[in-house]
Amino acid sequence: MNTNDINVLKTYFKEPKKIVFVAHKNPDGDAVGSTTAMAMFYKKLGHQVQVVLPNGIPDFIAWVPGAEEVYRYDLQNIQSKKAINEADVIFLLDFNALHRVGDDMQNGLETFTGDFIMIDHHQQPDDIAMVTYSDTSISSTCQMVYHYIDALGQTDLIDEDIATSIYTGIMTDTGSFRFPSTTSTTHRIIADLIDKGAKNADIHNQVFSNNSYSRLQLLGKALTNLVLLEDCKTAYITLSQEELKQYNYNKGDTEGIVNYALSLKGIVLAGIFIEDTDQGIVKISFRSKGNFSVNQFARNHFDGGGHDNAAGGRSVDSLQETVDKFVSIVPNYKQELLVSYEI
Ligand code: 5GP
Ligand code: MN
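What you are looking at is a predicted structure, and each value in this text was computed from that prediction instead of being measured. (Residues numbered from 1 in each chain as written. Chains lettered and ligands numbered in written order. Predicted model: local features only at pLDDT ≥ 70, side-chain atom pairs only at ≥ 80, totals over all residues. Heavy atoms only, no water.)

Caption draft 1: Quick peek at the environment of A37. Secondary-structure assignment places A37 in helix α2 (residues 29–44). Taking the C-alpha atoms as reference points, A37 and I117, 80 residues apart in sequence, are found 15 Å from one another. Those residues in contact with A37 that lie beyond four places of it in its chain are V145, I162, S165 and I166. (Helix = DSSP H or I, 4+ residues; strand = E, 2+ residues; numbered from the N terminus. Contact = heavy atoms within 4.5 Å.)

What follows is the structure in structure tokens.
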């Protein structure tokens with residue numbers, strides 16, 4: 001963070017403020033961790049705080065400290081709108097453009113007349129905030145939250161709950177500290193969070209040893225549906241609405257499944273295509289190893305974006321048409337894919 005921004009923030013928060021913390025739709029560990037950590041931090045500083053998320057928190061992160069006080073914009077619409085309208089400032093955490101909260105909440109944020117502060121690690125952030133702290137090289141928004149608190153000289157305010165929230169977001173966004181975005185700084189922060197009370201083994205268990213029987217059965221189905229495009233070092237998975245229903249799909253059940261496709265030896269591009277007949281879309285996740293940018297790929301072809309190695313998108317075509325499109329486009333990237341990653 002630059003010194004000017006830090007000074008602006010220090011002055012701005014000298015007086016008690018009403019603060020709302022917002023993250024993207026279908027919040028993940030980083031979204032929930034960063035919003036709850038920031039809310040707990042600013043509450044300790046004497047401000048009035050409220051987290052508002054567009055929709056529900058999946059089970060595997062619903063235990064995060066502060067998650068029970070979060071308003072859901074879709075279900076607690078009146079309270080959420082009131083909190084937003086009465087706020088002095090809204091923190092936009094873990095997303096880079098207002099449309100990422102979904103249509104309903106986007107309207108609510110667009111009519112807000114106060115200030116925005118954005119903390120985010122996605123590429124190409126919209127220029128809408130009083131202060132934008134954007135760094136695409138940092139592993140997670142939660143790591144940025146730690147840097148933010150550090151820049152304000154207040155890491156001594158990080159207690160066990162705040163440390164737990166931040167830890168959870170760093171852990172989930174780094175794939176348990178294995179993605180290339182994990183640096184020695186990440187590990188030093190993690191060490192400090194453990195010193196401050198984050199129970200690392202418990203957090204891992206809460207997040208990863210939380211499978212339902214039907215979720216594992218769904219994973220089995222997804223792996224059965226895995227298709228290889230070996231000459232393009234690509235693998236993809238499909239899940240139809242019918243299949244989701246058959247395995248009692250719950251929010252969050254498909255989280256991380258795409259990584260199994262990427263874990264195949266020699267594969268550098270992986271995708272998962274999930275049919276959502278309620279929304280009339282196919283939701284897509286892409287992952288890559290090495291130089292091949294799935295952010296660019298998702299932006300170019302599937303109305304999406306994200307990071308170089310983890311991105312998402314959507315399609316309003318049928319599941320089959322969407323997959324056919326993917327299969328027809330991938331060969332155009334064959335050369336890039338073949339040289340993307342070597343070990
Ligand atoms: P996931 O595949 O886990 O849903 O998302 C991977 C990354 O891509 C996340 O950083 C997420 O914010 C981003 N992402 C997922 N879906 C979309 C989308 O439809 N549009 C954009 N711009 N980013 C997305
Ligand atoms: Mn994130």
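That shown, we press on.
Caption draft 2: A look at the site of ligand 1. Close to ligand 1 lie 13 residues, the nearest being R100, H122, K283, S285 and R287. A distance of 2.7 Å separates an oxygen atom of ligand 1 from a polar atom in the side chain of H122. In the model, an oxygen atom of ligand 1 is placed 3.3 Å from a nitrogen or oxygen of the G312 main chain. Every element with two or more residues in the shell around ligand 1 is listed here: β10 (281–288), β11 (305–306) and β12 (310–315). (Near = heavy atom within 4 Å. Polar contact = N/O pair within 3.5 Å; in protein donor to acceptor, adjacent residues only side chain to side chain.)

Caption draft 3: Quick look at the coordination of the manganese ion (ligand 2). Only D30 (OD), D94 (OD), H121 (NE2) and D173 (OD) from the protein coordinate the manganese ion (ligand 2), and they sit 2.2 to 2.4 Å from it. Positions of the donor residues of the manganese ion (ligand 2) along the chain correspond to the pattern D-x63-D-x26-H-x51-D. In this pair, H121 is assigned in the loop between β5 (115–120) and β6 (131–134) and D173 in helix α6 (residues 160–173), connecting sequence segments 52 residues apart. Here the two residues H121 and D173 agree in accessibility, since each one is buried. (Donors = N, O, S within 2.8 Å, 3.2 Å for Na, K, Ca; no water. Buried < 20%, exposed > 50% of the residue type's maximum accessible area, 1.4 Å probe, protein only.)

Caption draft 4: Quick peek at helix α5 (residues 141–151). For α5, the tally of buried residues reaches eight of 11 residues, placing the bulk of the element in the interior. Turning to α5, its buried residues number three or more, namely T141, C142, Q143, M144, V145, Y146, Y148 and I149. Following α5 by one or two positions, G153 has its phi on the positive side, about 75 degrees.

Caption draft 5: Region of interest: the packing of aromatic side chains. In this structure the tally under the stated criterion is 23 aromatic pairs. Centre to centre, the rings of F13 and Y42 are 4.6 Å apart; their planes meet at 40 degrees, and the pair counts as tilted. Note that F13 is positioned in the loop between α1 (3–12) and β1 (18–22) and Y42 in helix α2, a separation of 29 residues in sequence. For the pair F13 and Y42, a shared accessibility class is recorded, and that class is buried. Aromatic pair F21 and F91: ring centres 5.2 Å apart, planes at 15 degrees, arrangement stacked. One end of the pair, F21, is in strand β1; the other, F91, is in strand β4 (residues 89–93), with 70 residues separating them in the sequence. The class of F21 is buried, set by a relative accessible area of 0%. (Phe/Tyr/Trp six-rings, centres within 6.5 Å; stacked < 30°, edge-to-face > 60°.)

Caption draft 6: Fine view of helix α7 (residues 184–195). Along its 12 residues, α7 runs 17 Å from first to last C-alpha, staying within 8% of the 16 Å computed at 1.5 Å per residue. Those residues of α7 not exposed but buried are T186, I189, I190, D192 and L193. Angularly, the buried residues of α7 cover 160 degrees about the axis, an arc narrow enough to put them on a single face. In this structure, α7 carries R188 and D195 as exposed residues pointing more than 90 degrees from its buried face. On its buried face, α7 sits against α5 and α6. By the N-cap criterion, in which a side-chain oxygen at the helix start approaches the backbone nitrogen of a residue two or three places on, α7 is capped by T183, the distance to T185 being 3.2 Å. Backbone geometry just after α7 places G197 at a positive phi near 120 degrees. (Expected span 1.5 Å × (residues − 1). Arc of directions from axis to C-beta.)

So yeah, pure geometry; function would need other evidence.
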